[in-house]
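# Examining the three-dimensional arrangement
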4 protein chains.
Amino acid sequence: MAKKIKIGVLGASGYTGSDLVRLAARHPNIEITLLTANSHAGKPMGKVFPHLAMLDLPDLTTIDDADWSSVDAVFCGLPHGTTQKITSQIFQKYDHVKIIDMSADFRLRDPQGYQNWYGLEHSAPEIQKQAVYGLTEHYREEIKLARLIACPGCYPTATLMALLPLAQAGLINVEELIIDAKSGVSGAGRGLKELALFCEAGEGMSPYGVGYHRHMAELEQEIGKASGQEILVNFTPHLVPMSRGELVTAHVKMSDGKTVDDIRGELEARYKDEPFIHVLEEGTLASTQKIRGSNHVVISINADRIPGRAIIITALDNLVKGSAGQALQNFNLAFGLDETLGLEQLPLFP
Amino acid sequence: MAKKIKIGVLGASGYTGSDLVRLAARHPNIEITLLTANSHAGKPMGKVFPHLAMLDLPDLTTIDDADWSSVDAVFCGLPHGTTQKITSQIFQKYDHVKIIDMSADFRLRDPQGYQNWYGLEHSAPEIQKQAVYGLTEHYREEIKLARLIACPGCYPTATLMALLPLAQAGLINVEELIIDAKSGVSGAGRGLKELALFCEAGEGMSPYGVGYHRHMAELEQEIGKASGQEILVNFTPHLVPMSRGELVTAHVKMSDGKTVDDIRGELEARYKDEPFIHVLEEGTLASTQKIRGSNHVVISINADRIPGRAIIITALDNLVKGSAGQALQNFNLAFGLDETLGLEQLPLFP
Amino acid sequence: MAKKIKIGVLGASGYTGSDLVRLAARHPNIEITLLTANSHAGKPMGKVFPHLAMLDLPDLTTIDDADWSSVDAVFCGLPHGTTQKITSQIFQKYDHVKIIDMSADFRLRDPQGYQNWYGLEHSAPEIQKQAVYGLTEHYREEIKLARLIACPGCYPTATLMALLPLAQAGLINVEELIIDAKSGVSGAGRGLKELALFCEAGEGMSPYGVGYHRHMAELEQEIGKASGQEILVNFTPHLVPMSRGELVTAHVKMSDGKTVDDIRGELEARYKDEPFIHVLEEGTLASTQKIRGSNHVVISINADRIPGRAIIITALDNLVKGSAGQALQNFNLAFGLDETLGLEQLPLFP
Amino acid sequence: MAKKIKIGVLGASGYTGSDLVRLAARHPNIEITLLTANSHAGKPMGKVFPHLAMLDLPDLTTIDDADWSSVDAVFCGLPHGTTQKITSQIFQKYDHVKIIDMSADFRLRDPQGYQNWYGLEHSAPEIQKQAVYGLTEHYREEIKLARLIACPGCYPTATLMALLPLAQAGLINVEELIIDAKSGVSGAGRGLKELALFCEAGEGMSPYGVGYHRHMAELEQEIGKASGQEILVNFTPHLVPMSRGELVTAHVKMSDGKTVDDIRGELEARYKDEPFIHVLEEGTLASTQKIRGSNHVVISINADRIPGRAIIITALDNLVKGSAGQALQNFNLAFGLDETLGLEQLPLFP
């Protein structure tokens, strides 16, 4: 067996961190040697996430106690802001370590944009320049060479997977993108918030972040770049009473003369060899039930009743392809491995 | 105490019928004297809906065995198609009976439209002409005089409550209405369908009826009438893992020069004296948790990030204001009673 | 109309407090004049519980700012420990005020028992002596005369409603009571706890408090008193992914020669005139779906496969009959009103 | 790579069948060559279970059209009754085929018992004699040699895993076993039943089969055999609003002089080398969240407040270790493979 790649997971007490551990633990080339969680330092992982108690894992430690020289790659699941500081240190002192960041800290190419959306000055703008936006299927070659991979947000992953090729191909009018999004509650993280209580989020549906949500910045950056123009998007997220899963319903106006068939043709061509991206046949709709727990993405393309418009619906698991799974996929790329390693798990239904 | 009005409920074994019974049983002026459910005829209501077992109700009977001369009003919760036949008979033979129809059979003024959308010829076009569209807050005077009230669908009730005044006032561009809607599973009824199983609908979210849903017909009829032009709408419903509740996110382009404040001003003025319609203050979002189990509707108005656009979100309980509650409200109007009788129940949260 | 009774609700920002407000707001003889919630003082109730925003309620205030002279009754939904101090002050200074306590502070007649189970010395043992245990159907006459009513816990209400008459009649062996209980998540309150997060409590079932739960103390006190002997009980609660509702499955050994019919006879006789307690007919099982949101209790009696044993299952809504509803029922008794006032609401299903 | 073992799955349109496919598709030594589902014959599996659409699978066929000569093993997920007929034919005509039955048809050693519990005469009593009860950890040697493996029911698997060693060791009184069980809705199958609708099973909890449930027969058979005496058990199942997962709370009286430590010692010794069975440390409780989607079982042992009694709680995933996972584990044994192949998947949480 090949020598294993040693990884550390920073922020292992969050849902993103634990899902990374779940997947990495079954990856044939990975050895998990470091798990950090400042507030739980000293505990075994199985105490913090009992569903992982059957694994033989290192105990949780603080970031300060971490031995970076012993790891080949670091997956970072820390809150935004915190990440920059840690990443800078590792990046500058440990040339051999690749960093796969699942936080928001290096997603925006423009440090000023970061400051505008996240409310604090970017503390590592030099490193930002070397970060690659980790939307795997669209930045594969860059990711292979990167030392710092900034994995996209869950909503941007779902949205861009559908819309980026269409913007690039000039099939849609990018000036009036209506992106109505729905997410399970795990998107709110494991931190204690009233809105994430079972009794608050259960048996009901509520919008949030209407008119202003940080994921807009990524969408505008990437679609803007693809279409060659500055744009603003409507992005309207809603909280759904389910733990995992994300559904993005994009209501788009097609470019003059373009049709739903053109959209279908473009997406099918773009993704025909992708192991995780599935353009559904006509009449089949995307739903989160089709991909729960897996790294797969389903996209459905539908004619709107209003002529010249289309409805494109994408579903993914926010913790897998929307976070830890895509991070692992990027890790595979960065280390020259088969891209699907550790991600073979099929969706869990029901 | 005033003499009670005797009512019958047709289709009492469905969720709409049972919710009507739940509300009517506590109405001070109502006596429930007839309950029909062909497939359960002969059974006590408490066997079919055990949560109503504490009530003293007539046993379920077939429609054929119903004694129409003994009732003053009939609430009809039958499947579409069936309703027309029954309604015709009652309408023509029993002048004194008022009919409050919760089915789809008399909602479309144009019988041809009915045939187009429902796939069968309208069998009672003469009676259709006398039907009033029962969107209470918008057809109050007509409802007071009506013998046949066609209560709107749940989605149209939620959507029109927000958009009808705006279309009437010329504040929005009705040619590109994007109506992204979300409903709890009770909207699928109590009939046995795979998609409504707990294991299929739970822990996941799925769109349905994309590009073609019968409620489009009502929306286009009413908004078209309000704006004086024929329109087509985007109406995209989704199934949410909750039993009750409906959220409609309307993405609208405002008319030239109009602002979110204009929209707010119009809706606030329109609904300021309405007991059940609440325009939420700026920054407060509508959610189904705020109205579950009640006849209340909440509407929130939000600026879109794209200039010139607004996001208007409406929530109601699909079985109450979306069906049985609005039916009872219309009954109150038709019989000259206080409109809120039987509908005082507050939302149940959590 | 009769002069209204003025009430205050202490701890109005919890689920128990808000459900009391929901019910009391529709009570014909009640005027809510005081709402306290220290951490939310100054806010309107509708900001803390948006589902009550349509009510005209006093703003939340601190307990220190409360004017006790202006209220006739106080409903107390504070955490245990806190309650004693407040209650003492009111009890001693305001003779006219009746106190209906929904906390645990005065449920145990023996202050030493309180100290043992709650871990702190009882600070108002003199007042404890005047408290009446508010299990309405079993302490009605005492409640009518009481100034301080200690409403039972939710689990004890469900359990005792089934077992107390049987213990009194000597039909069951009280030495080996196995009480397997299941509750919705609202039982954990609105405070921020990881176990109450949607992602933790959803799509799963977990026991808690196995072998040691404070409600055991009430069960042992009341069943012990009824049977005339000191007892210990098995009480094993579980957390169920639903917001409301409680199901108690009591596995009992019958006294020698006694049968399931004896049990049925006793419970039917005991509750035949009770408006809220329903002994289900043979073959019909209790479930929380039958009583959600209401003050009703359903009890089903079943033969066990093991001869000489029975399985008695009780369901109620933990926030209504298990807390706020029973409190309001006791209020009605204490003020000489019809016991069902404000509690007419039928179960909400689905 | 080793030659693959060809398998067929009968009844592939049920939840048990589809979960077998989910697991088997990732088994390194399996090739799925036959999928039957009479009502869906001719369809691709991905149409019936869209979450498996990314797999390359044979289309569904009828049982009559199946080519048994092409398979090495058959997993049978048919309704009881049907299975016997099919199994007899395969068993008698195709010596080389091993049958792993997930139905109830061969679980009861006594054909008369089958008739008593299932209401129809056993049609293959001769074959029944050769069936091995497939509770893997307890019949491992027999399973290795078997041609027909009758996998236990989900509830018996959970219950026996905890109680069988204790009955064998004489640590518990088997005459008064109180087994209070809770299951997710997938246990009701994918067939259309009103009780399994989202609106009926959601936001509520209900017992079923109280006093009479077919899984009692297996429990009494196995515990009776282990203890050397005929017994009757209390087995009381409840339906919980979650899709997957099963929790069994066994309330047991210990044999004279035995303690909770004895129980712990016995179970720890019995399972210390088992990859899927985990005896939790003192103070840690079993919950379905800890094992969802995986083949793992967690068992917690707790002292009861009543002296001499213990509360033993077991959790598993009813579709995996309770059905398809255990079947695959038995397949591995029967074909001389590593027992954990295809079952490495970790629990999915949240």
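Everything quoted here is computed from the prediction, not taken from an experiment. (Residues numbered from 1 in each chain as written. Chains lettered and ligands numbered in written order. Predicted model: local features only at pLDDT ≥ 70, side-chain atom pairs only at ≥ 80, totals over all residues. Heavy atoms only, no water.)

### With respect to the overall build of chain A
- Counting its secondary structure elements, chain A contains 11 helices and 14 strands.
- Radius of gyration (C-alpha) of chain A: 20 Å, near the 20 Å computed for a compact globule of 350 residues.
- When the backbone C-alpha atoms are referred to their principal axes, chain A occupies close to 60 × 45 × 45 Å.
- Sorting the 350 residues of chain A into buried and exposed places 67% on the buried side.
- Considering only contacts within chain A whose residues lie at least 6 apart along the sequence, 73% involve residues at least 24 apart. (Helix = DSSP H or I, 4+ residues; strand = E, 2+ residues; numbered from the N terminus. Rg over C-alpha atoms; globule rule 2.2 N^0.38 Å. Buried < 20%, exposed > 50% of the residue type's maximum accessible area, 1.4 Å probe, protein only. Contact = heavy atoms within 4.5 Å.)

### Overview of the side chain of Q345 of chain D
- Tracing the sequence through the fold places Q345 of chain D in the segment after α11 (320–334).
- In this structure Q345 of chain D comes out as buried when scored by relative accessible area, which is 15%.
- Of the polar contacts made by the side chain of Q345 of chain D, one reaches the side chain of R22 of chain D; its length is 3.5 Å.
- Apart from the residues lying within four places of it in its own chain, the contact partners of Q345 of chain D are R26 and Q345 of chain A together with R22, G293 and S294 of chain D. (Polar contact = N/O pair within 3.5 Å; in protein donor to acceptor, adjacent residues only side chain to side chain.)

### Some points on the domain arrangement of chain A
Residue and element names in this part refer to chain A.
- For chain A, the assigned domains are domain 1 (5–129) and domain 2 (155–318).
- The C-alpha-based centres of domain 1 and domain 2 are spaced at 27 Å.
- Contacts between the two partners involve 13 residues from domain 1 and, on the opposite side, 16 residues from domain 2.
- Buried area between domain 1 and domain 2, summed over both chains or domains, comes out near 1300 Å², and the portion from carbon and sulfur atoms is 46%.
- Among the residues of domain 1 in contact with domain 2, Y15, R109 and W117 are the three that bury the most area, contributing 51% of the side total.
- The tally of links from domain 1 across to domain 2 stands at three salt bridges.
- Ionic pairing is found between D19 and R244, a salt bridge with its closest N-O pair at 2.8 Å.
- Counting every contact that joins domain 1 to domain 2 gives nine residue pairs in polar contact (both at pLDDT 80 or more). (Domains from an automatic or database assignment. Buried area = accessible area lost by both parts, 1.4 Å probe. Salt bridge = Lys/Arg side-chain N within 4 Å of Asp/Glu carboxyl O.)

### A few points about the relation of the copies chain C and chain D
- The transformation that overlays chain C on chain D combines an axial shift of 0.0 Å with a rotation of 180 degrees, and the residual RMSD is 0.0 Å. Both copies are brought into coincidence by an operation consistent with a two-fold rotation axis. For chain C, the minimum C-alpha distance to the rotation axis belongs to P241 of chain C and amounts to 3.1 Å.
- Comparing interface residues between copies, 98% of those in chain C also lie at the interface in chain D; the contact surface is shared. (Least-squares fit on C-alpha atoms with pLDDT ≥ 70 in both.)

### Notes on the pairing of strand β14 (residues 309–316) of chain C
All names here are of chain C.
- For β14, a buried count of eight out of eight residues is recorded, marking the element as mostly surrounded by other parts of the structure.
- Along β14, one buried face is formed by R309, I311, I313 and A315 and the opposite face, lined by A310, I312, T314 and L316, is buried too.
- Of the strand pairs in this sheet, strand β11 (residues 246–253) and β14 are connected by eight bridges, and their pairing is antiparallel. Bridge assignment links E246 to a residue of β14, and that residue is L316. (Pairing = 2+ DSSP bridges.)

### What to know about the state of the cysteines
All names here are of chain B.
- Summed over the entire model, instances satisfying the criterion amount to zero disulfides over all chains.
- In this structure C154 is not part of a disulfide, and its nearest cysteine sulfur, from C151, lies 12 Å away.
- A relative accessible area of 15% places C154 in the buried class. (Disulfide = S-S within 2.5 Å.)

### Looking at the relation of the copies chain D and chain A
- Under the fitted operation, chain D is carried onto chain A by 0.0 Å of movement along the axis and a turn of 180 degrees, and the coordinates agree to an RMSD of 0.0 Å.
- Looking at chain D, 100% of its interface residues are interface residues in chain A too, so the copies touch through the same face.

### Focus: the pattern of salt bridges
- This model, assessed by the stated rule, comprises 88 salt bridges over all chains.
- R22 of chain B is the salt-bridge partner of D19 of chain B, the closest N and O atoms lying 2.7 Å from each other. Taken as a pair, D19 of chain B and R22 of chain B lie in helix α1 (residues 15–24) at a separation of three residues, close to a single helical turn.
- For R22 of chain B, a relative accessible area of 2% puts it in the buried group.
- Between K272 of chain B and D273 of chain B there is a salt bridge, and its shortest N-O distance comes to 3.7 Å. We note that K272 of chain B, like D273 of chain B, is exposed.
- Salt bridges sharing common partners tie together D19, R22, R244 and D317 of chain A.

### Digging into the side chain of E200 of chain D
- Within the secondary structure layout, E200 of chain D lies in helix α8 (residues 198–201).
- Engagement of the side chain of E200 of chain D in a polar contact is seen with the side chain of Y15 of chain B, the distance being 2.5 Å.
- Every residue in contact with E200 of chain D, bar those within four places of it in the chain, is listed here: Y15 and R190 of chain B, Q289 and F349 of chain C together with E194 and L195 of chain D.

### Brief notes about the sheet that holds strand β7 (residues 148–150) of chain C
Residues and elements named next belong to chain C.
- Spatially, seven strands are ordered β3-β2-β1-β4-β5-β7-β6 in an open sheet, and the strand pairing comes out parallel. Since the sheet does not close on itself, it has two edges, and those belong to β3 (60–61) and β6 (131–133), each with one partner.
- As paired strands, strand β5 (residues 98–101) and β7 are joined by three bridges and run parallel to one another. Following the sheet pairing, I99 is matched in β7 by L148.
- Where helix α11 (residues 320–334) meets the sheet, it contacts β1 (5–10), β2 (30–36), β4 (73–76), β5 and β7, and its direction lies at approximately 160 degrees from that of β4. (Axes fitted to C-alpha atoms, helices over the stretch in contact; angles between N-to-C directions.)

### Digging into the interface of chain D and chain A
- Every contact between the two is made by 34 residues of chain D and, on the other side, 35 residues of chain A.
- Between chain D and chain A the total buried area reaches about 2800 Å² when both faces are included, carbon and sulfur atoms providing 70% of it.
- Across the chain D-chain A interface, the total number found is two salt bridges.
- Between K47 of chain A and E281 of chain D there is a salt bridge; the shortest N-O distance is 2.8 Å.

### Structural notes on helix α9 (residues 215–227) of chain B
Residue and element names in this part refer to chain B.
- With 13 residues, α9 extends 18 Å between its outermost C-alpha atoms, agreeing within 8% with the 18 Å of an ideal straight helix rising 1.5 Å per residue.
- Among the 13 residues that make up α9, 11 are buried, leaving the element largely enclosed by the rest of the structure.
- Of the positions making up α9, those classed as buried are H215, M216, A217, E218, L219, E220, Q221, E222, I223, G224 and A226.
- Along its buried surface, α9 packs onto α4 (111–118), β6 (131–133), α7 (154–168), β8 (178–183) and β10 (234–239).
- One or two steps after α9, the chain reaches G228, where phi turns positive at roughly 70 degrees. (Expected span 1.5 Å × (residues − 1).)

### A few points about the packing of helix α7 (residues 154–168) of chain A against helix α11 (residues 320–334) of chain A
All names here are of chain A.
- Their axes nearest at 8 Å, the elements α7 and α11 cross at an angle of 95 degrees. The orientation of α7 with respect to α11, classified from their angle, is roughly perpendicular. Where α7 approaches α11, its residues C154, T157 and M161 are matched on the opposing element by K321, G322 and Q326.
- A breakdown of the residues in the contact of α7 with α11 according to their chemical character gives two nonpolar, three polar and one charged. (Parallel < 35°, antiparallel > 145°, perpendicular 65-115°, else oblique. Nonpolar A, V, L, I, M, F, W, Y, C, P; charged D, E, K, R; others polar.)

### Things to note about the packing of helix α1 (residues 15–24) of chain C against α11 of chain C
Residues and elements named next belong to chain C.
- Running from N to C, α1 and α11 cross one another at 45 degrees; their axes reach a closest spacing of 9 Å. The angle between α1 and α11 falls in the class oblique. Two packed elements cross with a definite hand, and for α1 against α11 that hand is right-handed. Residues T16, D19, L20, R22, L23 and A24 of α1 form the contact with α11, whose own contacting residues are V320, S323, A324, G325, A327 and L328.
- For the contact of α1 with α11, the per-class residue count stands at seven nonpolar, three polar and two charged. (Left-handed = near helix turned anticlockwise from the far one by under 90°.)

### Quick word on the interface of chain C and chain D
- Opposite the 53 residues of chain C that make contact, chain D presents 52 residues.
- Per-residue buried area on chain C facing chain D is highest for E203, M205 and R305 of chain C; these three make up 19% of the total on that side.
- Joining chain C to chain D, the criterion identifies eight salt bridges.
- With a shortest N-O distance of 2.5 Å, R305 of chain D and E220 of chain C are connected by a salt bridge.
- At the surface where chain C touches chain D, the tally comes to 28 residue pairs in polar contact (both at pLDDT 80 or more).
- When contributions to the side of chain C that touches chain D are tallied by element, the ones reaching two or more residues are β8 (178–183), α8 (198–201), β9 (206–207), α9 (215–227), β10 (234–239), β11, β13 (297–303) and β14 of chain C.
- Looking at which element gives the most residues to the side of chain C that touches chain D, the answer is β11 of chain C, with four residues.

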